[in-house]
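Residues per chain, in single letters:
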4 protein chains.
Amino acid sequence: MASMWGNSIKISIFGESHGMGVGVVIDGLPAGEKLDVEQLRFEMNRRAPGNDPTATPRKEADEPEICSGLLEGVTTGAPLCCVIENANVRSVDYERLSRLPRPGHADYTGAVRFGGWNDVRGGGHFSGRLTAPLTFAGAVCKQILARRGITIGGHILAIGTVYDHAFDPMRIYPERLESIRGHYFALLNAECEQQMRAVIAEAQEDGDSVGGIVEVAAVGVPAGIGTPMFGGVENVISSIVFGVPAVKGIEFGAGFNVARMRGSECNDPYTIEHDKVVTTQNNCGGILGGITTGMPIVLRAAIKPTPSIAQKQHTVDLREKRDALLTINGRHDPCIVPRALPAIEAAVALAIADMMSETGRL
Amino acid sequence: MASMWGNSIKISIFGESHGMGVGVVIDGLPAGEKLDVEQLRFEMNRRAPGNDPTATPRKEADEPEICSGLLEGVTTGAPLCCVIENANVRSVDYERLSRLPRPGHADYTGAVRFGGWNDVRGGGHFSGRLTAPLTFAGAVCKQILARRGITIGGHILAIGTVYDHAFDPMRIYPERLESIRGHYFALLNAECEQQMRAVIAEAQEDGDSVGGIVEVAAVGVPAGIGTPMFGGVENVISSIVFGVPAVKGIEFGAGFNVARMRGSECNDPYTIEHDKVVTTQNNCGGILGGITTGMPIVLRAAIKPTPSIAQKQHTVDLREKRDALLTINGRHDPCIVPRALPAIEAAVALAIADMMSETGRL
Amino acid sequence: MASMWGNSIKISIFGESHGMGVGVVIDGLPAGEKLDVEQLRFEMNRRAPGNDPTATPRKEADEPEICSGLLEGVTTGAPLCCVIENANVRSVDYERLSRLPRPGHADYTGAVRFGGWNDVRGGGHFSGRLTAPLTFAGAVCKQILARRGITIGGHILAIGTVYDHAFDPMRIYPERLESIRGHYFALLNAECEQQMRAVIAEAQEDGDSVGGIVEVAAVGVPAGIGTPMFGGVENVISSIVFGVPAVKGIEFGAGFNVARMRGSECNDPYTIEHDKVVTTQNNCGGILGGITTGMPIVLRAAIKPTPSIAQKQHTVDLREKRDALLTINGRHDPCIVPRALPAIEAAVALAIADMMSETGRL
Amino acid sequence: MASMWGNSIKISIFGESHGMGVGVVIDGLPAGEKLDVEQLRFEMNRRAPGNDPTATPRKEADEPEICSGLLEGVTTGAPLCCVIENANVRSVDYERLSRLPRPGHADYTGAVRFGGWNDVRGGGHFSGRLTAPLTFAGAVCKQILARRGITIGGHILAIGTVYDHAFDPMRIYPERLESIRGHYFALLNAECEQQMRAVIAEAQEDGDSVGGIVEVAAVGVPAGIGTPMFGGVENVISSIVFGVPAVKGIEFGAGFNVARMRGSECNDPYTIEHDKVVTTQNNCGGILGGITTGMPIVLRAAIKPTPSIAQKQHTVDLREKRDALLTINGRHDPCIVPRALPAIEAAVALAIADMMSETGRL
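These numbers come from a predicted model, not from an experiment.

## Here we look at the overall build of chain A
So, point 1. Of the regular secondary structure elements, chain A holds eight helices and 18 strands.
So, point 2. Over its C-alpha trace chain A gives a radius of gyration of 21 Å, about what one expects of a compact globule, namely 21 Å for 362 residues.
So, point 3. Projected onto its principal axes, the C-alpha coordinates of chain A cover approximately 70 × 50 × 35 Å.
So, point 4. Across the 362 residues that make up chain A, the buried fraction comes to 69%.
So, point 5. Considering only residue pairs separated by 6 or more positions, chain A has 73% of its internal contacts joining residues 24 or more positions apart.
So, point 6. Roughly 11,200 Å² of accessible area belongs to chain A as shown, and the carbon and sulfur atoms make up 49% of that amount.
So, point 7. Positive and negative charge centroids in chain A, built from 34 and 41 side chains respectively, lie 4 Å apart.

## Section: the pairing of strand E16 (residues 297-303) of chain C
All names here are of chain C.
So, point 1. The buried fraction of E16 is high, at seven of seven residues.
So, point 2. Burial of the side chains of E16 extends over both faces: Ile297, Leu299, Ala301 and Ile303 are buried on one face and Val298, Arg300 and Ala302 on the other.
So, point 3. Here strand E10 (residues 212-219) runs beside E16; their pairing, made up of seven bridges, is antiparallel. Opposite Ile213, over in E16, you have Ala302 as the bridge partner.
So, point 4. Relative to E16, strand E11 (residues 247-252) runs antiparallel, the two sharing five bridges. Residue Val247 lies in a different strand from E16, and its bridge partner there is Ile303.

## Thoughts on the interface of chain C and chain B
So, point 1. Contact with chain C, which involves 36 residues of that partner, is made by 36 residues of chain B.
So, point 2. Looking only at chain C, the three residues that lose the most surface to chain B are C:Met4, C:Met20 and C:Trp117, adding up to 21% of its buried area.
So, point 3. Our count for the contact surface shared by chain C and chain B stands at zero salt bridges.
So, point 4. Taken together, chain C and chain B are joined by four residue pairs in polar contact (both at pLDDT 80 or more).
So, point 5. The greatest single-element share of the side of chain C that touches chain B, amounting to six residues, is contributed by strand E2 (residues 10-15) of chain C.

## Thoughts on the relation of the copies chain C and chain B
The relation between the two copies of this chain is a rotation about an axis and a shift parallel to it.
So, point 1. When chain C is brought onto chain B, the operation consists of a screw motion whose angular component is 180 degrees and whose axial shift is 0.0 Å, with 0.0 Å RMSD remaining. When the rotation and shift are considered jointly, the pair of chain copies conforms to a two-fold rotation axis. Scanning chain C for the C-alpha nearest the rotation axis identifies C:Ser12, at a separation of 3.4 Å.

## So, unusual backbone geometry
So, point 1. One non-glycine residue with positive phi stands out, namely A:Ala246, at about 85 degrees.
So, point 2. You will see that D:Met229, though not glycine, has its phi angle at about 55 degrees, which is positive.
So, point 3. The residue D:Met229 is located in the loop between strand E10 (212-219) and helix H6 (233-241) in this model.

## Notes on the interface of chain A and chain B
So, point 1. Across the boundary between the two partners, chain A contributes 100 residues, which contact 100 residues of chain B.
So, point 2. Taken over both partners, the interface formed by chain A and chain B buries close to 8,100 Å², and the fraction arising from carbon and sulfur atoms is 64%.
So, point 3. The tally of links between chain A and chain B comes to six salt bridges.
So, point 4. For the salt bridge of A:Arg262 with B:Asp208, the shortest nitrogen-to-oxygen distance reads 3.9 Å.
So, point 5. In this structure, the connection of chain A to chain B is made through 48 residue pairs in polar contact (both at pLDDT 80 or more).
So, point 6. Among the elements that make up the side of chain A that touches chain B, the one with the highest residue count is strand E11 (residues 247-252) of chain A (six residues).
So, point 7. A per-class count over the side of chain A that touches chain B returns 49 nonpolar, 34 polar and 17 charged.
So, point 8. In this sheet, strand E11 (residues 247-252) of chain B lies alongside E11(A) in antiparallel orientation, the contact comprising three bridges. Along E11(B), the bridge assignment pairs A:Gly249 with B:Glu251.

## Let's talk about the side chain of D:Ser68
So, point 1. By the secondary structure assignment, D:Ser68 is in the loop between strand E4 (64-66) and strand E5 (70-71).
So, point 2. For D:Ser68, the side chain forms a polar contact with the main-chain oxygen of D:Pro79, separated by 2.8 Å.
So, point 3. Of note is the side chain of D:Ser68, whose polar atom sits 3.1 Å from the backbone nitrogen of D:Cys81.
So, point 4. Among residues more than four places away in sequence, those in contact with D:Ser68 are A:Phe14, A:Gly15, A:Glu16, D:Pro79, D:Leu80 and D:Cys81.

## Here's the deal with helix H5 (residues 192-205) of chain B
Residues and elements named next belong to chain B.
So, point 1. Between the first and last C-alpha of H5 there are 20 Å, a value that for 14 residues agrees with the 20 Å anticipated at 1.5 Å per step.
So, point 2. Cys192, Met196, Val199, Ile200 and Ala203 are the residues of H5 that are buried. Seen along its axis, H5 keeps its buried residues to an arc of 95 degrees; they face one direction. In H5, the exposed positions angled more than 90 degrees off the buried face are occupied by Gln194 and Glu205.

## Side note on the sheet that holds E11(A)
So, point 1. Spatial ordering of the open sheet is given by E9(A)-E8(A)-E10(A)-E16(A)-E11(A)-E11(B)-E16(B)-E10(B)-E8(B)-E9(B), a layout of 10 strands whose pairing is antiparallel. In the strand order of this sheet, the two ends are held by strand E9 (162-163) of chain A together with strand E9 (162-163) of chain B, each with one partner.

## Quick word on the relation of the copies chain A and chain B
So, point 1. Overlaying chain A with chain B gives an RMSD of 0.0 Å, the required rotation being 180 degrees about an axis along which the chain moves by 0.0 Å.
So, point 2. Take the interface residues of chain A: 100% of them recur as interface residues in chain B, which is what a same-surface contact looks like.

## Focus: the pairing of strand E3 (residues 21-27) of chain B
All names here are of chain B.
So, point 1. Within E3, seven of the seven residues are buried, which leaves it mostly tucked inside the rest of the structure.
So, point 2. Along E3, one buried face is formed by Gly21, Gly23, Val25 and Asp27 and the opposite face, lined by Val22, Val24 and Ile26, is buried too.
So, point 3. Judged from the six bridges that link them, strand E2 (residues 10-15) and E3 form a sheet pairing that is antiparallel. In the strand pairing of E3, Ser12 is matched with Val25.
So, point 4. Between E2 and E3, which pair antiparallel and follow one another directly, the connecting turn spans five residues.
So, point 5. Bridge count for E3 against strand E7 (residues 80-85) is six bridges, and the pairing is antiparallel. Looking across to E7, one finds that Gly21 is bridged to Glu85.

Criteria and cut-off values
- Residues numbered from 1 in each chain as written.
- Chains lettered and ligands numbered in written order.
- Predicted model: local features only at pLDDT ≥ 70, side-chain atom pairs only at ≥ 80, totals over all residues.
- Heavy atoms only, no water.
- Helix = DSSP H or I, 4+ residues; strand = E, 2+ residues; numbered from the N terminus.
- Rg over C-alpha atoms; globule rule 2.2 N^0.38 Å.
- Buried < 20%, exposed > 50% of the residue type's maximum accessible area, 1.4 Å probe, protein only.
- Contact = heavy atoms within 4.5 Å.
- Areas by Shrake-Rupley, 256 points an atom, 1.4 Å probe, with all protein chains shown as cover.
- Lys, Arg positive; Asp, Glu negative; His and termini not counted.
- Charge placed at Lys NZ, Arg CZ, Asp CG, Glu CD.
- Pairing = 2+ DSSP bridges.
- Buried area = accessible area lost by both parts, 1.4 Å probe.
- Salt bridge = Lys/Arg side-chain N within 4 Å of Asp/Glu carboxyl O.
- Polar contact = N/O pair within 3.5 Å; in protein donor to acceptor, adjacent residues only side chain to side chain.
- Least-squares fit on C-alpha atoms with pLDDT ≥ 70 in both.
- Nonpolar A, V, L, I, M, F, W, Y, C, P; charged D, E, K, R; others polar.
- Expected span 1.5 Å × (residues − 1).
- Arc of directions from axis to C-beta.

Encoded structure:
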């Protein structure tokens, strides 16, 4: 595991926030897949910093350089490596961090794990910047899946206490997913944007940050994908989605709401529609026994507020083993949720591509 | 993947609900570990059917027979295989199921996945009965972890709309976890039991079922366990917990509540206590950047209501490709939550043992 | 790794020589495969002890009991578990072994690896008896592969200094492989049997044992199976074949002879035959760049002489840390080669089935 | 699998012979390991082309650029990525190759495997050039292992019919391994060099190539490394060594010679030396039951003659499906053996580091 993931389509992610760059090797891609580089750039750009007043002002082009596995724009079947340079690195912001771990970050746990040798500059390999190569790998998979009639997209369900409405899990259409994708605040109801921006602005003024929830769907996945027990769709998706920093929860279909349901309400009845077996509702989120039903796969992930805040925080001085106060001066996102969305979509795309490939469907 | 799981301590689960039995091979266990068979039986019994009026009357002794890997009660380092016989199999209940898939079960998805060759009797390999070997494997790990000062236990947080209070994530004590474990309704506040039983009884009278939420903690896990990105504690735990049928969501620490928090509230400040770095609150559930902080690991899993209900349900006749009505006559749990708890504890124990072993700490 | 193996079709082997039994879980088998139990028994019997005067007199029926994954003789897609009981266990033979490690066995290395907790009775989990479940799993794969036009079979190439001739790697026919399989001394030239038996008898008289070489072929494997670098056919086959105790070398095609060849001789020229690309010789053993050419896959494995011999041997007393003499009194094979052959065929069958499955060809 | 390898220390190799470059990600390295870059360059240089009249004149600096995982020369525990640029690419040499597969190369099998989309220029991802990142990764492991008292080194045992003498498997000393390493023709008996060069020169004059055998040893590996059955040292080493193109056989200890031995000769007796259990001979090559004995690990690998030769060869025109003649004009090694040696040493170093790490010994 660690920074490698996958069974049939595998990724190996490397890099640090303030090192030379970040990147990914994707192994096991089908050969003969034309990649639309503009589309890859588009997805990279959705996640890139510096594109919105609510995001960190750190400006990174996040131009993906493909080093291998592609010949005249078409996959060769060999590992595809992509490197994304770090351009705008200001390491001066983080000098004290090896002594004073930032609350909510991996500074302390990483130091214990790696005996203090971990690169703490900007969070090092634990940084949210590592979602750039993940987003790239997912964008590649999205294109391959699109050719099989599968679309993956999502929206911001909540920022702080401001909620948009959720997907109707029976009626999620590819065109809609594509159109939402075009907005930095990807919303079902665009009118929430103003309120969400207000919540973020307010937090920022207080030197604080806010969290949120994203909802992602995969439509067009055929029935019968996934394997029993530990190879189930929920297992595989969650095993990669928790690789996106700040995710603290995941739920599928009706999710935590199933707790208060009765079986007669929760069970999705079957019917025949256009000679095809479908369910008449979709509380299971398109997954039963870990295997796809053919209905939309729907999941939600909870994103914690950016741990980097401007307020003074209580921490410890690891060298002197005493309590200390910490003020973080760097550039930070008061709300990471809009930028987390493409990363989580990417994770879902990788999971579905991997499972499709495992069952010989890619 | 499929029914195998693990990196360093690995399990391979086999069997069907109405076949000869179910079982598990555990590979990679440390050698020299004395196993307390009575304690293993105790854990098996927590999960076994037939022990409470709210559970299915199917009576199974669930006696684990250890076939290998144990010599005079001590692990040898070789794979430990355990077989649990199916005694009380009444397959007549399920005869029509290959034609009429039960809503909420894996009958339909399993049939698509395996071309109609899957064993549908009692759900076959998708049955909740497969949590018996999982519970066994977890019980073995619990004993091994206990020797390293780690205790894993949990409680029922909710059944239907009846909520017990949650763990105080700063104050979870091994003795408390052990004492809760002794009750079929494992509760922090024992007074909830009556209300919960009432909710279940009511559903049962209606030929219906109810879901719930369990909360599990691991205390004593040292800081520095887990690996970055995809080998993080949340990734590893969720990759196995979703192997317990009916789980539709998982959250760690403050979980979905992080969405509405601000960073200043969500971040857990550090302090020095008895010369040790600790946090003064535990919203992260003992995990930062995928790596343990040394504080209690806390997670919640949502359990859907048992899909087997006595009420007539809409389904399809797969052979004749037409709508149909289904009445399920078998013996079922109106509420699976109390029996799911030891299975989820077991999954968590396996995940932690695996990660401890991976970092050479077992 | 350890006693689990495989990427797409996976096995988990358990058991000890003198425990309750041995067995295997096979996960990832295609569903809908009818298994011919008589054929499985036939393969088990080829490997079973007690069937020939040159083999150990330990008599084991080696009756495979299938516990899961099979319904009315057809695979369901769920893990198939098979248990083989140990009937004829005489543990008295091995009492001193935890103190006096047998040269050539894993007694000492196993004791170091597992801190002295390993089961040394009959070699425990390191015993050649563990090839029984391997042979079973391979026999299952052989039937599945046969349905795809693939036959795996082999012969004894050498016992001691007595050599049969090798396969002509251009002309290996399924019928021939099937007919050889029927003989305990599976030979291309049946006339070698007498000489080979004489060599074994002579060694036995001296309280000694002899080694040999087996040659195995897989015919009918389509071109294009395997993956580059570490997923190549040689990598995958060798990763499982060395799981058969006593194998100390493996070579593919011309093998070690390539060392003395020139490129002009070693390279296999291509031609078109019946509209198909074939090579006009087969020094590469059907594998180039780790990927199958469509020609027969040919490999040889070196089997060391059974380390259990009746002669007095020098060893050490591990408890008292001093030199010691050891006489082994148990029942042993003076030559394991004929019984190793079906195990190695099985390993090859598993490797090919796994790779076929990985590329969606099963 | 594919181009990823490893359980605890894992590598992901990417790149093509005539693309932008080649590289590797190494995941799971211990943190806090100082890397001596000069030593890494030295190992890279041993493998690099253009350094000897018997090697291809293609000149590549093979300067490894480390992109991640290293901070001030010390490993951080995060994935270490190294990229090696391709400088001297002359793709014109290979233009016809997608139509006319070169005998002995992976052109044809790769085309079948990847539907004709594979990069054939210089062999693409199948090229021997991919041993550059492998050699790098192994060189990193060699340094880490050296700190644990383990030395890995080897020599050319044979080129064509010219044989040097083999290691005395009881007497292999680190200093000797280090001194041999300094020579392009790494030999135990330096006097063989002239004869070997003559054999190569002769082949080259004929527009031909020659193969050979390398022998590699690992000394200082403690007893008890490796796991039973499929996690054995032979399994793990062979699973990576066959990733070096042109390897067609591998043997451990006495290897194929065990076939003609008797047990009384083959078994390595134990004795106590300096209070330590050792064997008095080492036919097992330091491995029993897949687990190390503490004696030197010794293995040999057969390297086929470079398939690229100047002579006209029979092949087929894949587009027109007819026989054809092929003359290869590129720059090639008449003998790859000296350059294969550091790659195989590297593979062995990775295998041992991985197994050491798996048992918590790194």
